[in-house]
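What the coordinates show
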Amino acid sequence: MTAPMPVRPPEPPERPPPALTKSPEPAPVQRRPSRLLAPLRETGKLFALGIAVGRAIFRRPYQLRESIEQFWFVASVTILPAALVSIPFGAVIALQVGSLTQQLGAQSFTGGASVLAVIQQASPIIVALLISGAAGSAICADLGSRKIREELDAMEVMGVSPIQRLVVPRVLATMLVAVLLNGLISVVGTLGGYFFNVIMQDGTPGAYLASFSALAQLPDLYVSEFKALIFGFIAGIVAAHRGLNPRGGPKGVGDAVNQSVVITFMLLFFVNMVLTAIYLQIVPAKGG
């Protein structure tokens, strides 16, 4: 009888040498965006929206019906306040300039100085304030309410661009209304300044009109209309940008409206300073 064969125990699995083992990779650390860079990001988004709107203006299909409706809405909420605000603006400028010219002994130049101040500075600023305060806040609230109801997301799913369909008509409406309102405010402000200078400061109508024709020139009106066009574009873009990016539900929409008005005011005063400086350097004064 043969003896049983001894059973050899199984060999343990070979382990790789320690040098070849890979250490587990550490999990990537998520960095929170810096709060200091938030204004730069918002500024970049604002400029990107402005470029996108500028390109979409010349693309088909043109939203003619929406543009007409928005034009009528913006005009209806700004025409009457513009006419009422332009009268005291023209009166204050005429009274202040008239008092200053009397002290300097140059009362005959009151008309030209006051009218130039109204046309070049006061009229575009009034247009900007009214467009951003009345129309821009309504545009921001409308787009913000659409955003929180996810209407804009639904439009993107269906292949419709919210910028082409909603933003472009509103920006075009603010630009066109701003140009037309600028002419209205210039006329009403000039008439108000004429009335207060002649009635309250004992000025002569002939001297008022003669000084205006002696100092004013056609480029003054051109730069005023150009300022109104740029201000209307800025007001529409800022209102659309804040309306497309609300935070925190319905409360965020209200905050976005307030932010759009404040941001528009700050941008408009800065842009007005830049345009005025460029104009005074390029266009020589009449008779200079």
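Residues numbered from 1 in each chain as written. Predicted model: local features only at pLDDT ≥ 70, side-chain atom pairs only at ≥ 80, totals over all residues. Heavy atoms only, no water.

**Things to note about the overall build of the chain**
Just so we agree on the cut-off: Labels follow the DSSP assignment, with helices taken as runs of H or I lasting at least four residues and strands as runs of E lasting at least two, numbered in each case from the N terminus. Whether two residues touch is decided by their heavy atoms; if any such pair falls within 4.5 Å, the residues are in contact. In these tables, accessible area is a Shrake-Rupley quantity obtained with a 1.4 Å probe, and a residue counts as shielded only by the protein chains included in the view.
Regarding its fold elements, the chain presents eight helices and zero strands. In the chain, the order of α-helices and β-strands from amino to carboxyl end is α-α-α-α-α-α-α-α. A fraction of 86% describes how many contacts in the chain between residues 6 or more apart in sequence connect residues 24 or more apart. Total accessible area computed for the chain in this model is approximately 17,700 Å², and 69% of it derives from carbon and sulfur atoms.

**Regarding the packing of helix H5 (residues 162–200) against helix H7 (residues 218–244)**
This is how the line gets drawn: Comment: axis = line fitted to C-alpha atoms, over the contacting stretch for helices; angle = value between 0 and 180 degrees taken between N-to-C directions. Handedness of each helix crossing follows the sense of rotation of the near helix against the far helix: counterclockwise by less than a right angle gives left-handed, clockwise gives right-handed. Throughout this entry, Asp, Glu, Lys and Arg are counted as charged residues, while Ala, Val, Leu, Ile, Met, Phe, Trp, Tyr, Cys and Pro are counted as nonpolar. The remaining residues, Gly among them, count as polar.
The N-to-C vectors of H5 and H7 enclose an angle of 145°; their axes lie 8 Å apart at closest approach. The chirality of how H5 crosses H7 is right-handed. In this structure, H5 uses Val-167, Val-171, Thr-174, Met-175, Ala-178, Val-179, Asn-182, Gly-183 and Ser-186 to contact H7, whose residues at the interface are Ser-224, Glu-225, Ala-228, Leu-229, Gly-232, Phe-233, Gly-236, Ile-237, Ala-240 and Leu-244. The class makeup of the residues in the contact of H5 with H7 is 11 nonpolar, seven polar and one charged.

**Brief notes about unusual backbone geometry**
What counts is decided by this rule: Burial classes: relative accessible area under 20% of the type maximum marks a residue as buried, over 50% as exposed, and values in between as partly exposed (1.4 Å probe, protein chains only).
Looking along the chain, the bond that leaves Arg-60 and enters Pro-61 is cis, with omega of 0°. Here Glu-150, not a glycine, exhibits a phi torsion of approximately 65°, which is positive. Checked against the element boundaries, Glu-150 lands in the loop between helix H3 (110–148) and helix H4 (151–157). Given a relative accessible area of 54%, Glu-150 falls into the exposed group.

**Remarks on the nonpolar core**
For the record, the criterion: Put simply, a nonpolar core is a bunch of buried Ala, Val, Leu, Ile, Met, Phe, Trp, Tyr and Cys residues held in one set by side-chain atoms that sit within 4.5 Å of each other.
With 29 residues, the main nonpolar core has Leu-49, Val-53, Leu-143, Val-167, Val-171, Phe-231 and Ile-237 as its most contacted residues. Within the residue set of this core, elements represented by two or more residues are helix H1 (38–56), H3, H4, H5, H7 and helix H8 (249–282). No other element matches the seven residues that H7 contributes to this core. Leaving out residues up to four positions away in the same chain, Leu-49 has contacts with Ile-163, Ile-237, Ala-240, His-241 and Leu-244. In terms of nonpolar packing, the next biggest core, distinct from the first, is built from 15 residues, Val-127, Ala-173, Val-177 and Leu-181 among them.

**Looking at the environment of Phe-195**
Summarising the element assignment, Phe-195 is placed in helix H5. Assessed through its relative accessible area of 47%, Phe-195 is described here as partly exposed. A C-alpha to C-alpha distance of 9.2 Å links Phe-195 and Pro-205, two positions 10 residues apart in sequence.

**Topic: the packing of helix H2 (residues 64–104) against H5**
Our working rule: Angle categories are assigned with fixed cut-offs, so that under 35 degrees is roughly parallel, over 145 is roughly antiparallel, 65 to 115 is roughly perpendicular, and the rest are oblique.
Remark: H2 packs on H5, axes separated minimally by 6 Å, with the N-to-C direction vectors making an angle of 25°. The angle between H2 and H5 falls in the class roughly parallel. For the element pair H2 and H5, the recorded crossing hand is right-handed. Looking at the contact of H2 with H5, its residues break down into 22 nonpolar, seven polar and three charged.

**Observations concerning the environment of Gly-144**
With respect to the helices, strands and loops of the structure, Gly-144 is situated in helix H3. On a C-alpha basis, the gap between Gly-144 and Gly-243 in space is 4.2 Å, while along the polypeptide they are 99 residues apart. Beyond its immediate sequence surroundings of up to four residues, Gly-144 is in contact with Gly-243, Pro-246 and Val-253.

**Here we look at H3**
The following threshold applies: Expected helix span is taken as 1.5 Å per residue step, with the number of steps being one fewer than the number of residues. Here the bend at a residue means the angle between the axes of two seven-residue stretches, the one that ends at it and the one that starts at it.
Taking 1.5 Å per residue as the helical rise, H3 with its 39 residues ought to reach 57 Å, and the 53 Å between its terminal C-alpha atoms agrees with that figure. If you look at H3, its biggest bend is around 40°, right at Ala-122, and the proline Pro-124 turns up within four residues after that. Just downstream of H3, Glu-150 is the residue with a positive phi angle, here 65°.

**Some thoughts on the layout of surface pockets**
Think of a ball as big as a water molecule: rolled over the atoms, this probe shows where empty space is left. The condition is simple: We place a 1 Å grid over just the protein atoms. Points where a 1.4 Å probe fits but has no way out form a cavity, open points with protein on both sides within 12 Å along at least 5 of 7 lines form a pocket, and any residue with an atom within 4 Å of a point lines it. Grid points are joined across faces, edges and corners, and a volume is the space filled by probe spheres set on the points.
Size it by volume and the second largest pocket reaches roughly 270 Å³. Thr-43, Leu-46, Phe-47, Gly-50, Ile-51, Phe-233, Ile-234, Ile-237, Val-238, Leu-267, Phe-270 and Val-271 are the residues that line the second largest pocket. Broken down by secondary-structure element, the contributors of at least two residues to the lining of the second largest pocket are H1, H7 and H8. Top contributing element to the lining of the second largest pocket by residue count: H1, with five residues. Here the lining of the second largest pocket is composed, by residue class, of 10 nonpolar, two polar and no charged.

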